[in-house]
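In case you want the letters, here they are:
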Amino acid sequence: MGSTSSLRFHRRNNKTFLRIFMILVLSCIPGRTNLCSNPSVSTPKDLPPSVIRSSLDSLDLEGYITFHDVHNASKDFGNRYHLPPLAILHPRSVSDISTVMRHIVRSTSNLTVAARGHGHSLQGQALAHQGVVINMESLLPSHDIKIYKGKQPYVDVSGGELWINILRETLRYGLSPKSWTDYLHLTVGGTLSNAGISGQAFKHGPQINNVYQLEIVTGKGEVVTCSEKRNSELFQSVKWIRALYSDFSAFSRDQEHLISKENAFDYVEGFVIINRTDILNNWRSSFTPNDSTEASQFKSDGKTLYCLEVVKYFNSEEANSMNQEMEKLLSELSYIPSTLFSSEVPYI
């Protein structure tokens with residue numbers, strides 16, 4: 001990756017901005033210049049597909065909608081899910097996405113909608129069975145990457161922009177993103193939807209911690225700008241929890257319990273940790289322990305452990321009830337008490 005050594009030097013407290021759906025944080029690179037962002041498997045039943053196609057085709061858009069060549073948008077990266085959409089939207093502006101969303105809300109169809117970037121999402125995240133897939137890469141070309149210099153430089157980009165293009169453009173000004181993923185041929189919106197964790201996260205946090213402002217399209221088709229202080233309920237709305245198990249049977253039983261339970265967590269995942277030294281201390285860069293004293297006494301050396309990771313989405317006005325609900329759900333689980341860690345992070 002070319003100038004990796006020079007990328008280690010970052011100027012602190014610099015913010016980056018991702019436009020259409022986000023704004024990213026940039027860092028200075030000394031010596032270069034002194035310029036310092038589950039598909040439904042149900043099929044719409046209330047309107048014939050021909051009627052839906054005709055109504056979508058009649059919309060006044062800057063971009064366009066395709067109905068026939070949908071093969072590439074029918075499968076996820078893991079090739080486990082094959083769910084063909086009814087249509088693919090190729091937007092040229094945020095307004096195109098808003099127009100289609102508003103149209104779907106006003107219509108009597110049950111169309112599902114999914115955003116798709118470079119197509120690396122798993123578990124069918126970017127699929128919409130007989131719905132509309134939004135091709136985020138159609139939004140704006142790379143020459144529309146806008147870089148703002150100064151004491152707190154940032155870059156204003158589309159959610160469908162590739163990280164590799166952002167890096168190449170910012171390098172021209174002696175800048176680079178503070179936090180990125182190991183593979184850069186991914187879209188901004190795609191990595192932000194999964195937090196964007198990388199080797200720099202221990203120092204600068206994941207990518208979602210380096211977003212200054214987002215411009216989003218809501219499920220009703222409204223275009224809203226949000227940040228920590230503006231429409232913050234859209235900006236900070238994820239409760240992220242991790243806990244460890246030493247017994248695989250209890251670990252798998254709790255996962256099955258959460259997956260089968262209605263109105264539980266919105267995200268459930270598990271993974272194995274083998275002989276990792278001081279694992280809980282490493283978590284402290286992104287999570288807060290439920291009991292700091294007990295966590296500091298936990299030893300992971302030489303052990304095979306199982307990590308349960310869960311997420312709950314919420315609005316700011318639901319914070320109190322959400323915390324009570326989380327406590328109840330966690331009380332039903334058999335994790336090691338001293339290993340419970342949590343964090344509240346932006347949804348995107």
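The rules behind each value
- Residues numbered from 1 in each chain as written.
- Predicted model: local features only at pLDDT ≥ 70, side-chain atom pairs only at ≥ 80, totals over all residues.
- Heavy atoms only, no water.
- Helix = DSSP H or I, 4+ residues; strand = E, 2+ residues; numbered from the N terminus.
- Polar contact = N/O pair within 3.5 Å; in protein donor to acceptor, adjacent residues only side chain to side chain.
- Contact = heavy atoms within 4.5 Å.
- Expected span 1.5 Å × (residues − 1).
- Buried < 20%, exposed > 50% of the residue type's maximum accessible area, 1.4 Å probe, protein only.
- Arc of directions from axis to C-beta.
- Pairing = 2+ DSSP bridges.
- Axes fitted to C-alpha atoms, helices over the stretch in contact; angles between N-to-C directions.
- Phe/Tyr/Trp six-rings, centres within 6.5 Å; stacked < 30°, edge-to-face > 60°.
- Lys NZ or Arg CZ within 6 Å of the ring centre and 35° of its normal.
- Core = buried A, V, L, I, M, F, W, Y, C linked by side-chain atoms within 4.5 Å.

Enquirer: Could you give me a rundown of the side chain of Thr-339, with the residues and numbers involved?
Expert: Mapped onto the fold, Thr-339 is located in the loop between α10 (319-331) and β15 (341-345). At a separation of 2.8 Å, a polar atom in the side chain of Thr-339 contacts the main-chain amide nitrogen of Leu-244. Apart from the residues within four sequence positions on either side, Thr-339 is in contact with Arg-242, Ala-243, Leu-244, Leu-280, Trp-283 and Phe-298.

Enquirer: I'd like to hear about α10, residue by residue, with values.
Expert: In this model α10 runs 18 Å from its N-terminal to its C-terminal C-alpha over 13 residues, within 8% of the 18 Å that 1.5 Å per residue would give. Those residues of α10 not exposed but buried are Met-322, Met-326, Leu-329 and Leu-330. One side of α10 carries all its buried residues, which in axial view fall inside an arc of 95°. Across α10 from its buried face, at more than 90 degrees, point the exposed residues Asn-320, Gln-324, Glu-327, Lys-328 and Ser-331.

Enquirer: Help me get a handle on the sheet that holds strand β4 (residues 113-116), residues and values and all.
Expert: Strand order in the open sheet made by the four strands is β2-β3-β5-β4, with mixed pairing throughout. Edge positions in the sheet fall to β2 (64-66) and β4, since each has one partner strand and no second. Averaged over neighbouring strand pairs, the angle between their axes works out to 25° when direction is ignored. Of the pairings in the sheet, the one linking strand β3 (residues 87-90) to strand β5 (residues 132-135) comprises three bridges and is parallel in character.

Enquirer: Report on the environment of Ile-97, specifying residues and quantitative values.
Expert: The topology assignment puts Ile-97 in helix α2 (residues 94-106). Residue class for Ile-97 comes out buried when judged on its relative accessible area of 2%. The spacing of Ile-97 and Gly-221 is 124 residues in sequence and 7.4 Å in space, taken between C-alpha atoms.

Enquirer: A description of the packing of aromatic side chains should follow, citing residues and the corresponding values.
Expert: Two measures describe an aromatic ring pair: the distance that separates the ring centres and the angle between the ring planes. Counted according to the given criterion, the structure contains nine aromatic pairs. Relative to Phe-251, the ring of Phe-248 has its centre 6.1 Å away and its plane inclined at 50°; by these criteria the two rings are tilted. Highlighted residues: Phe-248 and Phe-251, both in helix α7 (residues 248-260), separated by three residues, approximately one helical turn. You can call Phe-248 partly exposed: its relative accessible area is 45%. Take Phe-251: its relative accessible area is 5%, and that puts it in the buried class. Joined through ring pairs, the aromatic side chains of Trp-240, Trp-283, Phe-287 and Phe-341 make up one cluster. Above the face of the Phe-298 ring, Lys-303 is positioned so that its terminal group lies 4.8 Å from the ring centre.

Enquirer: Please set out unusual backbone geometry residue by residue, giving values where relevant.
Expert: The phi angle at Asn-263 is positive, at roughly 55°, despite the residue not being glycine. In this structure, Asn-263 sits in the loop between α7 and β12 (267-274). The exposure class assigned to Asn-263 is exposed, which follows from its relative accessible area of 65%. In this model, Asp-278 sits at a positive phi of 55°, which is unusual for a non-glycine residue. Assignment of secondary structure puts Asp-278 in the loop between β12 and α8 (279-283). Owing to a relative accessible area of 38%, Asp-278 belongs among the partly exposed residues under this scheme.

Enquirer: Mind laying out the side chain of Ser-158, listing which residues take part and the relevant values?
Expert: Along the chain, the position of Ser-158 falls in the loop between β7 (154-157) and α3 (163-171). Assessed through its relative accessible area of 4%, Ser-158 is described here as buried. At a separation of 2.9 Å, a polar atom in the side chain of Ser-158 contacts the main-chain amide nitrogen of Gly-160.

Enquirer: Pulling in residues and values, what's your account of the nonpolar core?
Expert: If you look at the biggest cluster of nonpolar residues, it comprises 36 residues, and the most contacted ones within it are Ile-166, Leu-244, Ile-273, Leu-280 and Trp-283. For this core, the secondary structure elements donating two or more residues are β7, α3, α4 (188-192), β9 (214-217), β10 (223-226), β11 (238-245), α8 and β14 (304-313). With four residues, the single largest contributor to this core is α3. Setting aside residues no more than four positions away along its own chain, Leu-280 makes contact with Leu-244, Ala-295, Phe-298, Ser-338, Thr-339 and Phe-341. Formed by 20 residues, the second largest nonpolar core is a distinct cluster that contains Leu-56, Leu-59, Val-94 and Ile-97.

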